[in-house]
Amino acid sequence: MRERVFFTQTPSFLAYQRLMEGSKGKSNAQSLFGVHRIPCDHQIRDLLDAVSPEHLFPVFEEILQVLEAQGQLEDFRCLGDSLLVALDGTEYFSSDKIHCPHCSTRTQKSGKTHYFHSVVTPVIVCPGQNHVIPLVPEFIVPQDGHDKQDCENAAAKRWLSRQEQCLRALNVKVLGDDLYCHQPLCQQFLEQQLNFIVVCRPESHTTLYEHLEGIELPTLTTKKWTGLVKSRKPIPTAISTESPSKIAMRPCWLTGANLLSPPLMAR
Ligand SMILES: [Zn+2]
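Residues numbered from 1 in each chain as written. Predicted model: local features only at pLDDT ≥ 70, side-chain atom pairs only at ≥ 80, totals over all residues.

Labelled according to an unreviewed UniProt entry, the chain appears under the name Transposase, originating from Limnospira indica PCC 8005.

### Things to note about the overall build of the chain
To keep it simple, the criterion reads: Only DSSP runs of H or I covering at least 4 residues are called helices, and only runs of E covering at least 2 are called strands; the numbering of each starts at the N terminus. Comment: burial labels come from other C-beta atoms within 10 Å of the residue's own C-beta, placed from the backbone, where a count of 20 or more is buried, 12 or fewer is exposed, and between is partly exposed. Contact between residues is assigned whenever the C-beta positions, reconstructed from backbone atoms, fall within 7 Å.
Counting secondary structure elements, the chain contains 9 helices and 14 strands. With 267 residues in all, the chain has 21% of them scored as buried. In the chain, the share of contacts with a sequence separation of at least 24, taken over all contacts with a separation of at least 6, comes to 56%.

### Here's the deal with the pairing of strand E9 (residues 172–176)
The condition is simple: For two strands to count as paired, DSSP must find a minimum of two bridges between them.
The buried count for E9 comes to 5 of 5 residues, which makes it a mostly enclosed element. Here E9 shows two buried faces, one formed by Val172, Val174 and Gly176 and the other by Lys173 and Leu175. Note: strand E2 (residues 82–86) against E9, 4 bridges, orientation parallel. Bridging across to E9, Leu84 finds its partner in Lys173. When E9 meets strand E10 (residues 195–200), the two strands line up parallel, connected through 4 bridges.

### Quick word on the nonpolar core
For clarity, the threshold we go by: To count as a nonpolar core, a set of buried Ala, Val, Leu, Ile, Met, Phe, Trp, Tyr and Cys residues must be joined through C-beta atoms within 7 Å.
One finds Val85, Leu87, Ala156 and Val174 to be the most contacted residues of the largest nonpolar core, which totals 28 residues. Going through the elements one at a time, E2, helix H5 (152–162), E9, helix H7 (183–191) and E10 are the ones with two or more residues in this core. Excluding residues that lie within four positions of it along the chain, Leu87 makes contacts with Val120, Pro122, Ala156, Val174, Leu175, Gly176 and Tyr180.

### Quick word on the confidence of the model for the chain
To keep it simple, the criterion reads: Every residue gets a pLDDT, meaning the predictor's confidence in that residue, from 0 to 100.
Per-residue confidence for the chain gives a mean pLDDT of 79; residues scoring 70 or more make up 76%. Of the regions scoring below 50 in pLDDT, residues 238–251 engages in 35 contacts with residues more than four places distant in sequence or in other chains.

### A short note on H5
Residues that lie three or four places apart on an α-helix share one face, since the helix turns once every 3.6 residues. In plain terms, the rule: What the arc covers is the set of directions going from the helix axis to the C-beta atoms.
Of all the residues in H5, the buried ones are Glu152, Ala155, Ala156, Trp159 and Leu160. All buried residues of H5 project into a common sector of 140° when viewed along the axis, lining one side. H5 presents Ser161 and Arg162 as exposed residues on the side facing more than 90 degrees away from its buried surface.

### Focus: unusual backbone geometry
Even without glycine at this site, Asp81 takes up a positive phi of about 60°. Its location among the elements puts Asp81 in the loop between strand E1 (77–78) and E2. The class for Asp81 is exposed, based on 12 C-beta atoms found within 10 Å. Its identity is not glycine, yet Gln193 carries a phi of approximately 55°, on the positive side.

### Side note on the environment of Leu14
Along the polypeptide, Leu14 turns up in helix H1 (residues 13–24). With 17 C-beta atoms packed within 10 Å, Leu14 lands in the partly exposed category. Separated by 24 residues in the primary sequence, Leu14 and Ile38 place their C-alpha atoms 7.4 Å from one another. Setting aside anything within four residues of it in sequence, one finds Leu14 in contact with Ile38, Asp41 and Ile44.

### Considerations on the pairing of strand E5 (residues 113–120)
Here 6 bridges tie strand E3 (residues 89–95) to E5, and the two strands are oriented antiparallel to one another. Directly across from Glu91, in E5, lies its bridge partner Ser118. Examined bridge by bridge, strand E4 (residues 104–107) and E5 share 4 bridges and lie antiparallel to one another. By the bridge assignment, Thr107 is partnered in E5 with Thr113. Hairpin geometry of E4 and E5 is characterised by an intervening segment of 5 residues between the two adjacent antiparallel strands and by a positive phi of about 95° at Gly111. Note: E5 against strand E8 (residues 138–140), 3 bridges, orientation antiparallel. Its bridge partner being in E8, Val120 is matched across the sheet by Glu138.

And the structure:
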């Protein structure tokens, strides 16, 4: 079976097909696939509900292999010839009423339970590139043998373990927001010998910021087109490895990479 990828400016494939049918009297679902009546959103969901997302995972891998074979990944290389892989979670279902056994839950202020589904969606990003390259996602769902609810950090750790070989072969630096700046995850980056840059906010890492008080840190300054100057202080992990419980930091980055070295800054 051949996979098809659609890129449209409308929010959904079906909306685009209907628009095309209305304006041109024919959609390409008809011309390409012989679909005579475009199904409604509910029908599509009913059909897709039974399909495990894992069936689509090879498509992500195949696209990455094709891009690499064609040399197109080279356009995404930066910071010491590495690929930047940004990890972030997103909710794709949310309800106070509808739920299933795979839902994550949070208790609202009113005491009511809120149900949601979320996923970690790693993407290859590069400054100056308008496009990103999506990688295999990791769903945040209850795991067999675990009593505790699954969470974004745990899902990211699973993803890193599963993709270890691929990440090392591609020479990757992992990026993450403040949520990822915690000792267990940073420990895993180090164990997997992965470079990483994670945001470290003062409000969530008070101890580490106290630890850094009075220390003169190198600053990386970038000028934006608006004239604004942004300064960030990359903190090498060596500072905090003496005390693993303090591996977290301030409104700086915590990183295992030497970002101030000129050869690394050059694309
Ligand atoms: Zn659910």
